[in-house]
Amino acid sequence: ANNSIDLGNNSGWTINSPASQNLFWVGNTGNWQDGNHWSYSSGGSPSGCSPNPFTNVFFDSNSFSATGQTVSITAATAYCKNMSWAGVTNSPVLAGPSSSLLEIYGSLGLSVNMNMTFGGPVNFEAITPGNTISMANKMFLENVNFNGIGGEWLLQDAFSTLKRITLNCGILTTNNQSVSAAEFYSTATPFTTHRTLNMGASNFYITGSSTCWYVSSGNFNLNCGTSTIHCINAAADFRGGDLTYYNLNFTNNTSGAAVYLSGSNTFHDVLFACKGYIIHSNSFHKTTFLGDGIIESDNSYDDLIFSAAHSYSLWSYAPNLSTTQTINGNLTAIGNCGGLIDIHSKAPGVPAIIYHPAGNINTSFLVLKDIHATGGANFTASNSVDLGNNIGWTITPANSKDLYWIANGGNWNDGNHWSLSNGGPPSGCIPTPLDNVFFDGNSFSVTGQTVLLNTTAAYCMNITWTGATHNPTFGGSLATLLKIYGSL
């Protein structure tokens, strides 16, 4: 096969590839495949040839004589080796439909003096080291794939695509630059070879609404550096592939959102801004829950932080299989009378275990059920509620009190709607399982008012609506739970 291209895995052929050549764009607007727009010299006469994987292509000051010019990629696949827009003038546009594919077998250098509306996927296919990518504040609109066996790419500035980044082969070094994409994938398949991701101090901004990060460890070398992965959208799923990462932030704090951390990974710091699930066994330096949490496995932490007004379910499995959360540094769980912290085992009666080897663990305003504290530490929960089967704790109970609803409609967990006297001033506290709550003639002054259960779990001892006027509504969603420890 003379003047032909060997893209790999071809046997039985004698392939004579063409020599590498340079082609310069000329003649303003045109189609990438049109040889009349490619010259062997800057501003020269048409060559009649279009680029192949061995061709270095250049867009420069002699390519466009006026503004509003467009280079259109309309073929199924367009190729080049190195692509450079350095020196280009008159703000041309690289365009093309989503049905076209651009394959780059070397380096890419875009320019602030051009625009990018190309809508198809981009494949980086280099099989040699030392390739660079300069985006010049431009963004790809479709999937970006790194495919070259033995290839290497070094980012020179911020890299961005609206869709997925997939590292199938080769070495991608982010060089401390920020990376933005909908998803990041690097999974081992029969068609992938060795992959390396060097993350440095980069920030990865991943916006996918389902999968954020999905990698597998087979043939994959991950060097996390001091990088931070930001999973931005709700319902993000991080599948870490049993590898070592630095920081991971689930930043979406939308009410009702939930995010998932899968795989047996090692992390420096992890932040859950909304409801967070930890699915498999992991090791953390510090884990912070700003919303509710569900932990389904054994994990170890230097520091674990639970937040006021949220609920934490530590999984256990009937009849007697318990998960253990090992904490070597600090357990921070400081609630208040307006924001209790609920820590319980998922399986009623089957304990979940918190282990700490030594020292004093001081918490407050907890609601504890089926939690066994073990190890050499002293566990103290002040102003807290013992709902049973809690071992290893010194629990100072909260005082039982009567709370009266005031000020018309509002949220159950708003302390400004609960008073210590009938029609009195706000207490700032919300009901615990020890408190009696009353809705009466001083609770509502007009019709159309709603008391909304807006938390994962709401509590009271006795609840009484006798004497309430103006036909109020007691409401809430399927995601909320009311626990009554007395009469209704």
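Computed from a predicted structure; not experimentally measured. (Residues numbered from 1 in each chain as written. Predicted model: local features only at pLDDT ≥ 70, side-chain atom pairs only at ≥ 80, totals over all residues. Heavy atoms only, no water.)

### Considerations on the nonpolar core
Here is the rule: By nonpolar core is meant a set of buried Ala, Val, Leu, Ile, Met, Phe, Trp, Tyr and Cys residues that side-chain atoms within 4.5 Å join together. Type-normalised accessible area, obtained with a 1.4 Å probe on protein chains alone, sets the label of each residue: buried when under 20%, exposed when over 50%, and partly exposed for intermediate values.
F59 and W213 are the most contacted members of the largest nonpolar core, which totals 90 residues. Core analysis: the second largest hydrophobic core is formed by 13 residues, V437, V451, L453 and A458 among them.

### Focus on the sheet that holds strand β11 (residues 115–116)
Selection criterion: Only strands joined by at least two bridges in the DSSP assignment are considered to pair. Helix numbers and strand numbers start at the N terminus; a helix is a DSSP run of H or I with at least 4 residues, a strand a run of E with at least 2.
The strand order across the open sheet formed by four strands is β2-β5-β8-β11, and the pairing between neighbours is parallel. Either end of the sheet is taken by a strand with one partner, and the two such strands are β2 (30–31) and β11.

### Quick notes on the packing of aromatic side chains
For clarity, the cut-off: Within 6.5 Å between ring centres, the rings of Phe, Tyr and Trp (the latter by its six-membered ring) count as paired, and their orientation is classed by plane angle as stacked under 30 degrees, edge-to-face over 60, tilted in between. Placement of a positive charge over a ring is assigned whenever Lys NZ or Arg CZ falls within 6 Å of the ring centre and within 35 degrees of the normal to the ring plane.
Tallied over the entire structure, the rule returns 40 aromatic pairs. Arranged with centres 5.6 Å apart and planes meeting at 85 degrees, the rings of F204 and W213 form a pair that is edge-to-face. In this structure F204 comes out as buried when scored by relative accessible area, which is 1%. Residue classification places W213 among the buried positions, given a relative accessible area of 0%. The structure contains a cluster of three or more aromatic residues connected by ring pairs, namely F184, F204, W213, F238, Y245, F267, F284 and Y301. It is R239 that lies over the ring of Y214; its NZ or CZ is 4.8 Å from the centre. If you follow K346 out to its NZ or CZ, it ends over the ring of W315, 4.6 Å from the centre.

### Re the sheet that holds strand β7 (residues 83–84)
The strands that make up a sheet pair up through hydrogen bonds in the backbone, lying either parallel or antiparallel. An order of β3-β1-β4-β7-β10-β13-β15-β18-β21-β24 is seen for the 10 strands of this open sheet, with the pairing classed as mixed. Because the sheet does not close on itself, it has two edges, and the strands there are β3 (38–39) and β24 (220–223). One ladder, built from two bridges, connects strand β1 (residues 21–25) with β3; its direction is antiparallel. Paired with F24 across the strands is S39, a residue of β3.

Without other data, these values stay purely geometric and don't point to any function.
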